[in-house]
Amino acid sequence: MSDTTKPAPPRNYHPETRLVHGGTLRSSYGEMSEALFLTQGFVYETAEQCEARFTGSDPGFLYSRFSNPTVAMFEQRMVELEGAEAARATATGMAAVTTAMLAPLRSGDHVVAAKALFGSCRYVVEDLLPRYGIASTLVDGHDLDQWQRAMRPNTRSCFLESPTNPTLDVVDIAAVAEIAHAGGARLIVDNVFATPIWQSPLSLGADVVVYSATKHIDGQGRCLGGVILSSREFIQDHIHTFLRQTGPALSPFNAWVLLKGLETLALRVRQQSETAAALADALARHPKISRLIYPGRADHPQAAIVKKQMRGGSTLVGFEVKGGKAAAFRTLNALKLAKISNNLGDAKSIVTHPATTTHQRLTPEARAELGISEGFIRFSAGLEHRDDVIEDFQIALEQA
Ligand SMILES: *Cc1c(COP(=O)(O)O)cnc(C)c1O
């Protein structure tokens, strides 16, 4: 890029500052807002320069499946936010998860994962990997003995999400990292529910962090995206070539949307977490609710771990209405403000019925084991005024 590019801000800036300035590359026009390089490829001054790009001796851009300036800005901003050495963006969160799981492994390897996973992540671990000779064992994420017992000499990766989707259980990341490392395996953490604002898995001992940028990072329901963050070595040895040659590249347009999303990430996550906490407090003792789970409350089953590894609660609340599926559906249908959908981290408040949507693929027994009952509702706080959101739920529950 041009010589108006300033070096990356030093690491000691606060996250909010890095979210606004991190990774910015300015062209010779000195534009204020990040430029959108909506281009498939690049032209070269000479055949010699083109050759040098292909051999790697000239570090410029080649082809947008490999790299692109707008995508590079997004990756660098995420690197500075997360405190990682390197990152690669992907077309979706699932492309990030699938690549982080599959790319470093080969037939004969073994994976241990917490069973409380986003539905598609569980498909990758439980169904996809074994088809290629990579065995997997699912464990109860907060039972450290189960992690320990599941480790085998050929275990190469451990995988978890915390808080989990949708029941917001919290797994001790540092403890699982220790078990993984003692067995010669890496720990991969899906940090979507916690967001980079409230939790930094790399500093807790994890080796790889993955995000669906579709969620809080975009935060306005516009586009899909994903990112893998880790050491320079892991990205270079396992991720770089796999992504280039298999092609789940992030569109420069989506990278630009996500870059602008990052500028307001901390503000939004803080605001949404305040609303989620207020709703959790308002509903905790509601007569029509049999169970409520919020990582910021003292009655959370892993409150001590929340305190140890998270800087804030969550933008999500889970609760179970009395009366099963019928009562849950009546509640969802009576809400005016909170929309029935399956995204999360959006500016608009969203309610999801996991048993019939995101976790519908699981058997009723597998759902019961995870605590996903027929009455369970997942709420994702938006940016509406919190009093309006709370009133929406109070009225809807009365009608349920
Ligand atoms: C949404 C989500 C994903 C998948 O992300 P996409 O962008 O939809 O592909 C993975 N993990 C978690 C925890 C998610 O919430």
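From a predicted model like this one, the values you see are computed outputs, not experimental measurements.

**Section: the site of the ligand**
Phase 1: Taken together, 13 residues sit near the ligand, with Met-94, Asp-190, Ser-212, Thr-214 and Lys-215 positioned nearest.
Phase 2: At 2.9 Å, a backbone N or O of Gly-93 approaches an oxygen atom of the ligand.
Phase 3: With respect to the pocket detection grid, the ligand is positioned in the second largest pocket.
Phase 4: Split into classes, the residues belonging to the shell around the ligand amount to five nonpolar, five polar and three charged.

**Comments concerning the packing of aromatic side chains**
Phase 1: If you walk through the whole model with that rule in mind, you get five aromatic pairs.
Phase 2: Here Phe-253 and Trp-256 contribute two aromatic rings whose centre-to-centre distance is 6.4 Å and whose plane-to-plane angle is 35 degrees, an arrangement assigned as tilted. Of this pair, Phe-253 and Trp-256 both sit in helix H10 (residues 252-263), three residues apart, which is roughly one turn of that helix.
Phase 3: Among the residues examined, Phe-253 registers a relative accessible area of 40% and is labelled partly exposed.

**Quick notes on the domain arrangement of the protein**
Phase 1: Domain parsing of the protein yields domain 1 (15-263) and domain 2 (268-397).
Phase 2: The distance between the C-alpha centroids of domain 1 and domain 2 comes to 27 Å.
Phase 3: In this complex, domain 1 contributes 41 residues to the contact, which on the side of domain 2 involves 39 residues.
Phase 4: For the domain 1 and domain 2 pair, buried surface summed over both sides reaches about 3,200 Å², with 55% attributable to carbon and sulfur atoms.
Phase 5: Area buried by domain 1 at its contact with domain 2 is led by Leu-168, Trp-198 and His-216, which between them contribute 25% of it.
Phase 6: The tally of links between domain 1 and domain 2 comes to four salt bridges.
Phase 7: Residue Glu-16 pairs with Arg-270 through a salt bridge whose shortest N-O separation is 2.4 Å.
Phase 8: Seen at the junction of domain 1 and domain 2, the total is 22 residue pairs in polar contact (both at pLDDT 80 or more).
Phase 9: Of all the elements in the fold, those that place two or more residues in the side of domain 1 that touches domain 2 are helix H5 (119-131), helix H7 (173-182) and helix H8 (195-198).
Phase 10: Ranked by the residues each element gives to the side of domain 1 that touches domain 2, the list is headed by H5, at five residues.
Phase 11: Of the residues that constitute the side of domain 1 that touches domain 2, the class distribution is 18 nonpolar, 14 polar and nine charged.

**A closer look at unusual backbone geometry**
Leaving glycine out, the prevailing phi sign among residues is negative, and the prevailing peptide bond configuration is trans.
Phase 1: Of note, the bond from Ser-162 into Pro-163 is cis; its omega dihedral lies within 30 degrees of zero at -10 degrees.
Phase 2: Along the polypeptide, Pro-163 turns up in the loop between strand S4 (155-161) and H7.
Phase 3: With an omega dihedral of 0 degrees, the bond running from Asn-165 to Pro-166 counts as a cis peptide bond.
Phase 4: Topologically, Pro-166 is positioned in the loop between S4 and H7.
Phase 5: Backbone geometry at Leu-168 places phi at a positive 60 degrees, although glycine is not the residue there.

Cut-offs and rules
Residues numbered from 1 in each chain as written. Predicted model: local features only at pLDDT ≥ 70, side-chain atom pairs only at ≥ 80, totals over all residues. Heavy atoms only, no water. Near = heavy atom within 4 Å. Polar contact = N/O pair within 3.5 Å; in protein donor to acceptor, adjacent residues only side chain to side chain. 1 Å grid on protein atoms, 1.4 Å probe; cavity = no way out; pocket = protein on both sides within 12 Å on 5 of 7 lines; lining within 4 Å. Sits in = over half its atoms within 2 Å of the grid points. Nonpolar A, V, L, I, M, F, W, Y, C, P; charged D, E, K, R; others polar. Phe/Tyr/Trp six-rings, centres within 6.5 Å; stacked < 30°, edge-to-face > 60°. Helix = DSSP H or I, 4+ residues; strand = E, 2+ residues; numbered from the N terminus. Buried < 20%, exposed > 50% of the residue type's maximum accessible area, 1.4 Å probe, protein only. Domains from an automatic or database assignment. Contact = heavy atoms within 4.5 Å. Buried area = accessible area lost by both parts, 1.4 Å probe. Salt bridge = Lys/Arg side-chain N within 4 Å of Asp/Glu carboxyl O.

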